[in-house]
Amino acid sequence: MQQTYNPTWDLDVIFPGGSDSEAFRTYLKDIQKDKETFSAEVEAFTPEDGNVEAEQLTGVVNELESVMKKLREASAFISCLSAQDVTDEKASLLVGKRSELRAELDAIMSKFVQKLVAIEDTTWVTLLQHDGLAELSFVLNEYREQAKELLSVEQEVLINDLGVDGYHGWSQMYDTIVGKMTVEVEEDNKVKSLSVGQASNKLGHPDRKVRKAVFDKLGEAWKEQSALFGQTLNHLAGFRLQTYKHRNWKSVLKEPLAINRMKQETLDAMWTAISNNKKHFVKYLEKKADLLGLEKMSMYDIGAPLTNTVKKSSYTEASKFIVDHFGKFSPKMADFAQMAFDKRWIEAEDRAGKRPGGFCTSFPDSEQTRIFMTFSGTSSNIATLAHELGHAYHQHVMNDVNGLNQRYAMNVAETASTFAEMIVADASVKNAQNKEEKIGLLEDKIQRSVAFFMNIHARFIFENRFYEERKEGLVSVNRLNEIMVEAQKEAYQDALDEYDPNFWSSKLHFHITGVPFYNFPYTFGYLFSLGIYAAAKEQGENFEDAYIELLRDTGRMNVEDLAMKHMNVDLTKPDFWEDAIQLCVKDVEEFIEFTQ
Ligand SMILES: [Zn+2]
């Protein structure tokens, strides 16, 4: 008999009892105690007095690792609880508790890193050779170097405290306004009031009239609020720029590049290679316009479906498909996925009351992961499932790495996930039952390339120019619209007929205060994993272990060293990027051939 998989997850093996869990309450109390121990150890650590014992520093660092691991574990449990049932009020309270704990730990952490700065350079180098510290040298150096770039502890504390209302507050204000917005859309001869998210989903409608109508309605809605969004964007950017000015940071890219542990040259090389290859994607857009019977595509045609094949798979079928195809690249990854299905590490049930979207979260203390999504059987659901399993596998191979070396940045975070997704997307194209299905699946892949190479490029160009102008003063709504359209024209190389001037207000990512420039790391991750995928196809059997070693190093190296060590490539040169893009160009060539 064929085995079927249960699409709900098992959280009880981690903490039994959901948001009422007694075991979890006890765990939170333990974190509180550990945090106090860590704080006391930081207080007792006084390198400013002149003598620093390696043993003492090792002790503080071990305590930090332990408390961080536990906090990540607790945080993951809370994320799972609030995602599986949006009406769970006890889970919402826990979200508040989590922010509190994080803020407290951050405060102790700032004190600790400032103390590292007080250590003399020669002493520091000797310290890092000590047994318990050597393996952490990258991360410890990073803490220390980044702390050197900051203002005094008192000033940084003041910035953080003022930032709650003066910086993050603008982002919350943005969320509040967006949450209240509605769009009136006509459907089946009835006018329906939709949220902007619901309305945006209609931009993939097969009927152009519907898409155009929704696009216009959305445009009106964003325009109506544009004076408010002009305020939120200008002020949060102003806060960021003022902070940089006081810290004497010249470039707005300094912070995002540091967060992503990459060099400016790498970023430049990546965009150069992309720009050099845009012509292929312009050709795809022209071909699509042709297939849709249009002179030229508009922004609202990009997501239009070309075919109407809706092949559906059951959860069990999807699981088997994924495990089979993972196995062709990496038997270990296939075994891991099999275990995740068997042990119910995945919440995929299609039911009401769940949060939308998907994620993968790690429980580093119990060395497990959980995946959250809603599976309704589409090919894009299968891609998401594979994507999240890629994230889970990344964590899995890192389980025995020191907790402080497990923290990788957004640009490499998407490596394992995109890689896994690519395996499954390619296999789906190969296994397509007919030409129409093949064209649809191939187009799914190309659309992702267009998003990373053109849409995200437009966001990057916009943000750069906007911040430059913002340095000189407030930027008007009209000017924001202009910069946006200019950026889109450049990024899409004039391939479109109608652009989206309101995109600076409709895209949440411009209003996120947690991370600046929430755009280029996506494109980096996509191409970086494509480069690995190309290598995997070439290397065959030797690939698996090399891949695992690369993933294990993602939390303790900068990206240039990581690529040089494991792939022998120089990310600051366009060649690597060029090769990765060629895989996407092949999709376009195949697409054009199939649609002749
Ligand atoms: Zn992801």
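Details of the structure are given in the entry above.
Just so it is clear, the model here is predicted, and its values are computed rather than measured.

J.: Got a minute to help me understand the overall build of the protein in this structure?
T.: When helices and strands are tallied, the protein shows 25 helices and five strands. In summary, the protein has a C-alpha radius of gyration of 25 Å against a globular reference of 25 Å for 596 residues, a match within 12%. Dimensions along the principal axes, computed over C-alpha positions, put the protein at roughly 75 × 65 × 50 Å. In the protein, which comprises 596 residues, the share counted as buried stands at 52%. Only carbon and sulfur atoms are counted for the fraction: they give 49% of the accessible area of the protein, which is about 26,900 Å². Distance from the positive charge centre (68 side chains) to the negative charge centre (94 side chains) of the protein: 4 Å.

J.: When you look at the environment of Glu187 in this model, what are you seeing that I'm missing?
T.: In this fold, Glu187 is placed in strand E1 (residues 182-187). Through-space distance from the C-alpha of Glu187 to that of Val210 is 8.9 Å; in sequence the pair is 23 residues apart. Not counting the four nearest positions on each side in its chain, Glu187 is found in contact with Lys192 and Lys202.

J.: Any chance you could explain the pattern of salt bridges here in plain terms?
T.: For side chains of opposite charge, pairing can occur when their charged atoms come near one another. Throughout the structure, instances matching the rule amount to 35 salt bridges. With its nearest N and O atoms 2.8 Å apart, the salt bridge here joins Asp121 to Arg144. Here Arg144 lies in helix H6 (residues 137-148) and Asp121 lies in helix H4 (residues 121-128), a separation of 23 residues in the sequence. Between Glu156 and Arg247 there is a salt bridge, with the nearest N and O atoms lying 2.8 Å from each other. Here Arg247 lies in helix H11 (residues 226-247) and Glu156 lies in helix H7 (residues 153-166), a separation of 91 residues in the sequence. Summarising the burial analysis for this pair, Glu156 and Arg247 share the class buried. What you see here is one network of salt bridges that share partners, running through Glu347, Glu349, Arg351 and Lys354.

The rules we used
- Residues numbered from 1 in each chain as written.
- Predicted model: local features only at pLDDT ≥ 70, side-chain atom pairs only at ≥ 80, totals over all residues.
- Heavy atoms only, no water.
- Helix = DSSP H or I, 4+ residues; strand = E, 2+ residues; numbered from the N terminus.
- Rg over C-alpha atoms; globule rule 2.2 N^0.38 Å.
- Buried < 20%, exposed > 50% of the residue type's maximum accessible area, 1.4 Å probe, protein only.
- Areas by Shrake-Rupley, 256 points an atom, 1.4 Å probe, with all protein chains shown as cover.
- Lys, Arg positive; Asp, Glu negative; His and termini not counted.
- Charge placed at Lys NZ, Arg CZ, Asp CG, Glu CD.
- Contact = heavy atoms within 4.5 Å.
- Salt bridge = Lys/Arg side-chain N within 4 Å of Asp/Glu carboxyl O.

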